[in-house]
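One letter stands for each residue in the lines below.
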Amino acid sequence: MKRYQRIMMAFFVSSILCFVVDGNIRVAQAELLPDLTITSVNVPASASINEKITASWAVTNQGDGEVPSSIPYWSDQLFISTDAQLDSSDVLVMNIQHVNPTSLAAGASYTASGDFYMPSNLTSGSYYLLAKTDAGDNVRTESNETNNVFAAQPIAIHVPDLTITSVNVPASASINE
């Protein structure tokens with residue numbers, strides 16, 4: 001015959017879960033996990049192919065635990081995409097590694113920025129800059145790995161449309177002239 005225990009009351013004191021089972025007090029250590037998420041991305045509203053642009057972004061640890069300094073590095077990556085979803089068709093334009101970082105406490109944030117060139121194979125239209133933190137999954141203890149990507153507002157890409165309107169050539173020419 002199975003014996004069932006009833007939990008009458010449960011509460012947290014700091015990171016300790018306290019509960020009462022059939023009149024006996026029990027405690028358990030709760031694991032406090034970090035959760036890195038990108039909270040903002042700043043890019044220009046428009047750009048041309050091969051143009052150097054600057055992007056900046058902010059990352060916040062919205063988890064209950066810190067990212068420990070024992071993690072050797074993590075990466076932030078930027079992608080150009082035709083939509084707001086990161087997939088294998090998106091083009092990586094920047095990878096920044098945070099090497100030997102200090103710990104990032106719960107609620108703390110950092111900002112980063114960098115320059116990159118818009119890819120030359122884009123056509124005119126709207127593109128998204130997608131920013132991804134912990135791109136290599138080095139912060140393995142995150143409480144939520146599904147919120148690491150942020151889509152900035154669309155960037156209007158302009159591609160020059162050059163058309164030859166006239167050609168002038170001499171009426172006659174000689175060899176080696």
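How each quantity is defined
- Residues numbered from 1 in each chain as written.
- Predicted model: local features only at pLDDT ≥ 70, side-chain atom pairs only at ≥ 80, totals over all residues.
- Heavy atoms only, no water.
- Helix = DSSP H or I, 4+ residues; strand = E, 2+ residues; numbered from the N terminus.
- Buried < 20%, exposed > 50% of the residue type's maximum accessible area, 1.4 Å probe, protein only.
- Contact = heavy atoms within 4.5 Å.
- Areas by Shrake-Rupley, 256 points an atom, 1.4 Å probe, with all protein chains shown as cover.
- Core = buried A, V, L, I, M, F, W, Y, C linked by side-chain atoms within 4.5 Å.
- Patch = residues over 30% accessible without salt bridge, like charges linked within 9 Å, V, L, I, M, F, W, Y side chains within 5 Å.
- Salt bridge = Lys/Arg side-chain N within 4 Å of Asp/Glu carboxyl O.
- Phe/Tyr/Trp six-rings, centres within 6.5 Å; stacked < 30°, edge-to-face > 60°.
- Pairing = 2+ DSSP bridges.
- Axes fitted to C-alpha atoms, helices over the stretch in contact; angles between N-to-C directions.

Q: Describe the overall build of the protein, and please don't skip the residues or the numbers.
A: Along the protein, the regular secondary structure elements total 0 helices and 12 strands. Overall, the protein shows an N-to-C arrangement of helices and strands of β-β-β-β-β-β-β-β-β-β-β-β. By the burial criterion, 36% of the 177 residues in the protein qualify as buried. Here the analysis covers contacts within the protein between residues at least 6 apart in sequence; of these, 65% occur between residues at least 24 apart. Summed over its atoms, the accessible surface of the protein is roughly 11,200 Å², and 52% of this surface lies on carbon and sulfur atoms.

Q: I'd like a rundown of the nonpolar core, residues and numbers included.
A: When a protein is soluble and globular, its nonpolar side chains tend to lie buried together. Within the largest apolar cluster, 31 residues are counted, with the highest numbers of intra-cluster contacts made by Trp57, Leu78, Phe116 and Leu129. Sorting the residues of this core by element identifies β4 (36–42), β6 (52–61), β7 (73–81), β8 (91–99), β9 (109–117), β10 (125–133) and β12 (155–158) as the ones contributing at least two each. Sort the elements by how many residues they give to this core and β6 lands first, with 4 residues. In this structure Leu129 touches Val41, Val43, Ala55, Leu78, Phe79, Ile80, Val93, Phe116, Phe150, Ala151, Ala152 and Ile155, once residues within four positions along its chain are discounted.

Q: Explain a nonpolar patch on the surface to me, and be specific about the residues and the numbers.
A: A cluster of nonpolar side chains, contributed by Ile164, Val167 and Val169, occupies part of the molecular surface with about 370 Å² of accessible area. Residue placement: Val169 occurs in the segment after β12.

Q: Requested: an account of the packing of aromatic side chains, with residues and values cited.
A: Tallied over the full model, the rule gives 1 aromatic pair. Ring geometry for Trp74 and Tyr110: centres 6.1 Å apart, planes at 50°, overall tilted. Within this pair, whereas Trp74 is found in strand β7, its partner Tyr110 is found in strand β9, the two being separated by 36 residues in sequence. Residue classification places Tyr110 among the buried residues on the basis of a relative accessible area of 16%.

Q: Quick one: what's the story with the pattern of salt bridges, residue by residue and with numbers?
A: Applying the stated rule across the entire model yields 1 salt bridge. Among the ionic pairs, Lys52 bridges to Asp115, the shortest N-O distance being 3.9 Å. Residue Lys52 is located in strand β6, and its partner Asp115 is located in strand β9; the two are separated by 63 residues in the primary sequence. The partly exposed category is assigned to Lys52, whose relative accessible area is 47%. Looking at Asp115, the relative accessible area reads 42%, which means it is partly exposed.

Q: Give a description of the environment of Ser143 that names residues and reports values.
A: Note on placement: Ser143 falls in the loop between β10 and β11 (149–151). Considering only alpha carbons, one finds Ser143 and Gly63, 80 residues apart in sequence, at a separation of 6.9 Å.

Q: Residue-level account of the sheet that holds β9, with values.
A: The strand order β4-β6-β9 describes an open sheet built from 3 strands, whose pairing is antiparallel. A strand with exactly one partner marks an edge of an open sheet, and here the two such strands are β4 and β9. Averaged over all adjacent pairs, the angle separating strand axes in this sheet is 25°, with direction ignored. Where β4 lies against β6, 6 bridges are found, and the strand directions are antiparallel. Bridging from a neighbouring strand, Ser40 pairs with Ala58 of β6.

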